[in-house]
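Chains, contacts and geometry: an overview
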Amino acid sequence: MSTLTSNFPAFKALVLAELRLYFSSRRTLIMNVIAPVLIGAFFGYVTNPKDQTAPHVPVAVVDLDGSTVTKAIIEAMSKDASLEITRADEAQARKLVSEGKLRAAIVFPERFGSSAATALFAPGDRPKITLIEDPSKAMEVSLVQGLMTQHIMQAVAAQAFSPTTLSADTVAGWRKGLADSGSGVSPDQQSALGGFFDSLERLRVDQQKGATATPAGSTTAATSATGTTPATAGMRQPFSLDKQSAVGTRDSQYNGYAHSFAGMSVQFILFLGIDLGVALLLARRLGLWKRLRAAPLSRATLVASRMASGTVIACVLMLAIFAAAIAIFGVRIRGSVAGFALITLTFAIMTAAFGLFIAAVGKTPEATRGLAIVVTLIMVMLGGAWVPSFIFPPWLQTASLVVPTRWAVDGFDAMTWRGLGFDAALAPSAVLLGFALLFALLALWRFRWDE
Amino acid sequence: MLSATELNKSYSGRAVVSDVSLRLEPGRVLGLLGPNGAGKSTTVSMLCGLLRPDRGDVVFDDGASPMNGRTDEFKRRIGLVPQDIALYEELPARQNLELFGALYGLNGANLGRRVGEALELVGLADRARDKPSTFSGGMKRRLNIACALVHDPDVLVFDEPTVGVDPQSRNAIFDNLEVLRDRGKALMYTTHYMEEAERLCDRIVIVDHGRVVANDALGALLRHAPSGERLEIDIGQGVDCTSLLALPGVLEATESNGVLTLKLQSLASDMAPVLAWCNAKGLAIRHINSVRANLEDVFLALTGRQLRDHA
C-alpha cells in the first residue's frame with residue numbers, strides 16, 4: 001500500500017494515459033458500446049413476452065373426410081389467431097413440414113366426423129388423426145396439439161349433442177359402451193351417466209316432435225368433462241393421435257446437436273473469414289503485399305489465390321467440426337451427402353469472399369477486426385445460429401433471409417437432421433454463391449492495390 | 001541495362017516525383033540518396049513496376065517495360081528488397097524462399113538449387129529449417145535479400161535494407177551486395193545514410209523534394225562541395241581565434257569545447273602557419289584530425305539544408 005502511495009503520481013499518469021488512449025479511439029468505443037446494446041436489444045426483443053405478438057404457427061390441414069365436423073374444426077382453427085392454417089394434400093403437407101416451412105400437418109381420416117361422435121362415449125377404435133411434426137419445434141407442436149384438441153372437442157361435442165344430428169343409434173351406442181365398460185366404471189358413475197343418456201334421449205325425442213331445445217348446456221357440460229374423463233369409459237377424447245416426425249421417427253432422427261453444430265460452425269468459420277481479411281491488411285502494413293505485387297503476378301492471381309486458400313481452409317474446418325459432431329454427438333447427415341458437400345463448399349467460398357471484402361473496406365487491422373466481429377455476430381444471430389429463427393417475430397423471420405448465415409444454417413439443417421435430398425441444397429447454395437459474388441465484386445471495387 | 005526517363009508522379013495534385021531520370025548498369029551500384037520524404041520509395045515503386053508513373057518511362061535495353069505491356073517479363077528481371085521485412089514469419093526460411101521462387105516461375109530441382117544458393121550467399125544455410133520469427137533483425141534482413149535474389153534477377157533494388165540493423169549484420173549485407181555486384185548484377189541502393197552510399201555506390205543520385213539535385217560518381221559529387229578542407233585541432237581550452245582568419249589560406253575558424261575547427265584552402269600548404277599560431281599562443285595540441293568533404297556537405301551545398309533528420 002505504501003508503495004502504491006509513494007508511486008501515486010506514476011500510477012495516476014499510467015491510468016490517465018490508458019484512459020486517454022481508450023477514449024481517443026472513437027471507433028473502439030462505439031463498438032464496445034454499440035455491440036452489447038444491439039445484441040442485448042435483440043435477445044430482449046425475441047425473449048421478452050411484452051414485446052412478443054401472439055404465436056402464429058404455420059400448420060397444414062389435410063381433410064380426407066370432408067364432413068361438416070371436419071369443416072367446422074378447420075374453420076375454427078383458421079379463426080384461431082395462434083394458428084396459420086394451410087390446406088394441402090398429405091404429400092405436400094409432409095414435404096412442407098420436412099422442409100421446415102410448416103411446424104406440423106394434421107391429417108383427418110375418412111369418416112372422422114361420423115365416428116368421432118360415437119367415440120365420445122363408446123369404447124373401442126377411435127378415428128386416428130395423424131399429426132406430422134417438425135421434431136425440432138417441440139414447443140410449437142405441443143401448442144398445435146393442444147389447440148387442435150380444443151377445436152375438435154368443441155366441434156365433435158356440438159355435433160354429438162345437436163338436436164338435429166343426435167340419433168337414437170348414437171345414444172344406444174353410448175349406452176352399450178357404458179354397459180360394456182364393466183368394472184371400469186363405478187355403480188354411481190353408471191347411474192349418473194345413465195341419467196345423462198336418458199335426458200339426451202328425451203331431448204332428441206322432443207326435438208323430433210318439433211319442440212324447441214337449446215343444446216348449449218349439453219355441449220358445455222360435455223366439453224367441460226373432457227379434462228377429467230377416464231380413458232376406459234364415459235366421455236373421452238373422440239380420436240386417437242398418430243404423431244409422426246416429418247423426418248422419421250422422433251427418437252432415431254432428430255438430434256439437437258445437429259442444429260447447434262451447424263450454427264457454431266457457421267459462426268466460427270466466419271471468424272476465419274475475418275482472420276483472412278485482417279491478415280491481408282497486416283500483409284499490406286508489413287510490406288508483404290508490396291513484395292507480392294513486385295512479382296510477375298496478375299491481380300486475378302493474387303485475389304484468386306486468397307480466395308482459394310480461404311475456401312480450402314473453411315472446408316477443412318467445416319468438415320472437422322462436423323466430424324467431431326458425428327463421432328462424439330451422434331449427428332448424422334440424414335439427407336444428401338452431396339448436398340452437404342455443396343453447401344459446405346459454397347459457404348466456404350462465401351467466407352473467403354467475405355474475408356476479401358473485409359480487407360477491401362478495412363483501414364487498419366485493429367479497427368477492422370472489431371467492426372467485422374460485430375457485423376459477423378449480428379449476421380450469426382439473425383441467421384438463427386444462437387437461437388432458432390422460429391422464435392423470432394414473423395417479420396424478423398422474413399427479414400433474416402437477407403443474411404447469408406440464415407441460408408447456411410438452414411441448409412446444413414436440411415442436409416443433417418431434416419434428411420432432405422440434394423434438391424433442397426440447391427437454393428441455399430445458390431444464395432450463398434450469390435453473396436460470395438456480391439462480396440467479391442464489392443471487394444474488387446474497393447480494393448486498394450497500391451500502397 | 002535499365003533506364004528510367006523523366007519519371008513523374010503526383011498525389012492529389014502534389015508532385016512527389018518530378019522528372020527523375022537514372023540508369024542502372026551491370027556490375028555497378030547506383031545509390032539513390034535523399035532525406036526521408038524525398039521521393040525515393042515512390043521512385044523505387046515505379047522502377048519495379050509497382051506504380052505507374054504519370055509521365056515518363058522505365059525500360060530495359062531490350063524494350064521490356066510495364067508501359068508497353070511487357071510487365072511480367074519486366075518484373076521477372078527485377079528483385080526487390082523492400083524496406084519492410086516482407087517475410088512469412090511462421091514459414092521456415094527455406095519455404096519462404098521456395099514460395100518467392102515459385103512466384104517467379106521456378107520449380108523442381110532448379111528451384112531447390114536456387115534456394116540453396118541464396119541461403120548460402122546470405123549465410124543462412126544452417127538456419128534453413130528455422131522460422132524467421134526466431135531470427136534476429138539482421139538475419140531477417142538477410143533472408144529478405146535472399147528472397148529477392150532467389151530467381152536470379154538482372155537488377156536488384158534495395159530499398160533502405162539496413163534500417164534497424166546492427167553493425168555486424170550491416171557489414172554482412174554490404175558483403176552480399178559486393179558479391180552480387182561482382183557477379184554482374186545491376187544494383188540500386190536507396191538510403192539516407194551517406195556513409196553507406198559512399199562505401200557501396202559507384203554512382204549516386206541525390207534527390208530532394210522529388211527532384212534529382214545531383215547525379216554523378218562519388219568523386220565528382222564531392223567536387224560540388226565548397227572548396228577547402230577541414231582541420232580539427234584539440235587544444236583542450238578555449239581561445240579567441242579571430243586572429244586565425246588573418247592567416248593565409250584560412251577560410252573559417254571557430255572554437256567549441258576546446259576544439260578548433262578550421263576550413264583551409266589547402267591542407268598541405270596552409271596547415272603549417274596554423275600550427276605555428278598555436279605554438280605562439282602557447283596552446284598544447286592534444287590531437288589533430290583532418291576531415292574530407294562528404295555527401296552531407298554536398299547535399300548542404302546543393303540544397304542549403306542538412307541531409308540527416310530532415311523530413
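Computed from a prediction, not measured in an experiment: that's the story for all the values here.

Calculation rules
- Residues numbered from 1 in each chain as written.
- Chains lettered and ligands numbered in written order.
- Predicted model: local features only at pLDDT ≥ 70, side-chain atom pairs only at ≥ 80, totals over all residues.
- Heavy atoms only, no water.
- Pairing = 2+ DSSP bridges.
- Helix = DSSP H or I, 4+ residues; strand = E, 2+ residues; numbered from the N terminus.
- Axes fitted to C-alpha atoms, helices over the stretch in contact; angles between N-to-C directions.
- Contact = heavy atoms within 4.5 Å.
- Buried < 20%, exposed > 50% of the residue type's maximum accessible area, 1.4 Å probe, protein only.
- pLDDT = per-residue confidence, 0-100.
- Lys, Arg positive; Asp, Glu negative; His and termini not counted.
- Salt bridge = Lys/Arg side-chain N within 4 Å of Asp/Glu carboxyl O.
- Polar contact = N/O pair within 3.5 Å; in protein donor to acceptor, adjacent residues only side chain to side chain.
- Left-handed = near helix turned anticlockwise from the far one by under 90°.
- Nonpolar A, V, L, I, M, F, W, Y, C, P; charged D, E, K, R; others polar.

Remarks on the sheet that holds strand E3 (residues 104-108) of chain A
All names here are of chain A. In spatial order, the strands read E2-E1-E3-E4-E5; together these five strands make up an open sheet with mixed pairing. Across the chains shown, the open sheet's two edge strands, defined by having one partner strand only, are strand E2 (83-87) and strand E5 (240-245). The mean angle between the axes of side-by-side strands here comes to 25°, regardless of whether they run parallel or antiparallel. Note: strand E4 (residues 128-133) against E5, six bridges, orientation parallel. Each bridged residue has a counterpart across the sheet, and for Glu-133 the counterpart in E5 is Ser-245.

Remarks on the sheet that holds strand E6 (residues 155-159) of chain B
All names here are of chain B. Reading across the sheet, the six strands line up as E5-E6-E7-E3-E8-E9 and stay open at both edges, with mixed pairing between neighbours. Across the chains shown, the open sheet's two edge strands, defined by having one partner strand only, are strand E5 (78-81) and strand E9 (211-217). Averaged over all adjacent pairs, the angle separating strand axes in this sheet is 15°, with direction ignored. Here helix H1 (residues 40-47) sits on the sheet in contact with strand E3 (29-33), E5, E6, strand E7 (186-191) and strand E8 (203-208), set at roughly 155° to E7. Those strands touched by helix H5 (residues 137-149) are E5 and E6, and its axis lies near 165° from that of E5.

A look at the pairing of E3(B)
All names here are of chain B. Of all five residues making up E3, five are buried, and the element is well covered by its neighbours. Burial along E3 is two-sided: the face carrying Val-29, Gly-31 and Leu-33 and the face carrying Leu-30 and Leu-32 are both buried. Bridge count between E3 and E7: five bridges; the pairing is parallel. Considered in E7, the bridge of Gly-31 is made with Tyr-189. Across four bridges, the pairing between E3 and E8 is parallel.

Some words on the confidence of the model for chain B
Averaged over every residue, the pLDDT of chain B is 88; residues scoring 70 or more account for 96%. Predicted complex, confidence summary: ipTM 0.80, pTM 0.71.

Observations regarding the side chain of B:Asp270
All names here are of chain B. With respect to the secondary-structure elements, Asp-270 resides in helix H9 (residues 267-280). Buried charged residue Asp-270 carries no salt bridge. Nearest counter-charge: Lys-263, at 13 Å. There is a polar contact of 3.4 Å between the side chain of Asp-270 and the backbone nitrogen of Gln-265. Looking at Asp-270, its side chain comes within polar contact range of the side chain of Ser-269, at 3.3 Å.

Describing the packing of helix H12 (residues 256-285) of chain A against helix H15 (residues 337-361) of chain A
Residue and element names in this part refer to chain A. Running from N to C, H12 and H15 cross one another at 40°; their axes reach a closest spacing of 7 Å. Along this stretch, H12 crosses H15, giving a crossing that reads as right-handed. Residues Val-266, Ile-269, Leu-270, Gly-273, Ile-274, Gly-277, Leu-280 and Leu-281 of H12 touch H15, and the partners they reach there are Phe-347, Met-350, Thr-351, Phe-354, Gly-355, Leu-356, Ile-358 and Ala-359. The residue inventory of the contact of H12 with H15, partitioned by class, reads 12 nonpolar, four polar and no charged.

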